[in-house]
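The primary structure of each chain is shown beneath.
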Amino acid sequence: MVLVSNRSNLSLSDLEGDRLQFEVTAENEAETAWVATVLSPLLQAGDIVLLDGVLASGKTFFVRKLVEALGTEDEISSPTYAIANIYKCPSVDVLHVDAYRLENEKDFYNLGLELEVEGSICMIEWGSRIQEAFDDFLKISIKLNAKNIDERVFVMTSHGSRATVLLQSLKIRCQSV
């Protein structure tokens, strides 16, 4: 595990209501993997993480590293064509959804994944497309740096009380490791 070398690349901001925003800059793939690894043990069944970013921003890579940190032996791949994959992990399964081809939350409901969402950690790429389907979720926007193709800025925003607790815990873990 590679630690994020410069702690000045972490910031936490209060937003309106029960929303917080936490930003982490990862300078390379190893640091991106570190962010996923630090988040993974904080997640529990019923948690929803929506990932957004342009094509090739690292959404699937982030999910892969998070699921690997949870101890899966499954092969992790983008669910672009299948729309959803489930990965078996020792403590809790992970539902990995690609919402790129979904128009809205109604399309998501039509997939019939409610039980999987409740009983697993739910990681949804292109999550903004269906975020109205959820009341409480952590949104992670992955931003690229045009001057450094390996760098990613993770802008994480809590929506709801569970996601706020999750984000506060992540901030503590990032600063203490």
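To be clear, the structure that these remarks concern was listed above.
Note that the structure is a prediction, hence the values are computed from the model and not measured. (Residues numbered from 1 in each chain as written. Predicted model: local features only at pLDDT ≥ 70, side-chain atom pairs only at ≥ 80, totals over all residues. Heavy atoms only, no water.)

1. Considering the overall build of the chain
Part 1: From N to C terminus, the chain includes five helices and eight strands.
Part 2: Mapped from its N terminus to its C terminus, the chain presents α and β elements in the order β-β-α-β-α-β-β-α-α-β-β-β-α.
Part 3: For the chain, with 177 residues in total, the buried portion stands at 50%.
Part 4: Counting only contacts in the chain whose residues sit at least 6 apart along the sequence, the fraction spanning at least 24 positions is 64%.
Part 5: Entry remark: accessible area of the chain is about 8600 Å², with carbon and sulfur atoms responsible for 48%. (Helix = DSSP H or I, 4+ residues; strand = E, 2+ residues; numbered from the N terminus. Buried < 20%, exposed > 50% of the residue type's maximum accessible area, 1.4 Å probe, protein only. Contact = heavy atoms within 4.5 Å. Areas by Shrake-Rupley, 256 points an atom, 1.4 Å probe, with all protein chains shown as cover.)

2. So, the packing of aromatic side chains
Part 1: In the structure shown here, the tally under the stated rule is three aromatic pairs.
Part 2: Taken together, a centroid distance of 5.4 Å and an interplanar angle of 65 degrees make the contact between Phe 108 and Phe 134 edge-to-face. Here Phe 108 is found in helix H3 (residues 105-110), whereas its partner Phe 134 is found in the loop between strand E6 (121-125) and strand E7 (137-145), with 26 residues between them in sequence.
Part 3: Assessed through its relative accessible area of 5%, Phe 108 is described here as buried.
Part 4: Looking at Lys 59, its charged tip hangs above the ring of Trp 126, at a distance of 4.2 Å from the centre.
Part 5: Cation over ring: Arg 129 sits above Tyr 100, and NZ or CZ is 5.9 Å from the ring centre. (Phe/Tyr/Trp six-rings, centres within 6.5 Å; stacked < 30°, edge-to-face > 60°. Lys NZ or Arg CZ within 6 Å of the ring centre and 35° of its normal.)

3. Let's talk about helix H1 (residues 29-39)
Part 1: Counted residue by residue, H1 has eight buried out of 11 residues, so it is predominantly covered.
Part 2: Every buried residue of H1 is listed here: Glu 31, Thr 32, Ala 33, Trp 34, Val 35, Ala 36, Val 38 and Leu 39.
Part 3: Close packing links the buried residues of H1 with strand E2 (20-26), helix H2 (59-69), E7, strand E8 (148-159) and helix H5 (161-176).
Part 4: Where H1 begins, one side-chain oxygen reaches toward the backbone nitrogen of Ala 30, 3.1 Å away; that side chain belongs to Asn 28. (Polar contact = N/O pair within 3.5 Å; in protein donor to acceptor, adjacent residues only side chain to side chain.)

4. Topic: the pattern of salt bridges
Part 1: This structure, assessed with the given rule, holds three salt bridges.
Part 2: A salt bridge links Glu 68 to Lys 65; the shortest N-O distance between them is 3.3 Å. Placement of the pair is Glu 68 and Lys 65 together in helix H2, with a separation of three residues, close to one helical turn.
Part 3: Glu 68 sits in the partly exposed class, given a relative accessible area of 39%. (Salt bridge = Lys/Arg side-chain N within 4 Å of Asp/Glu carboxyl O.)

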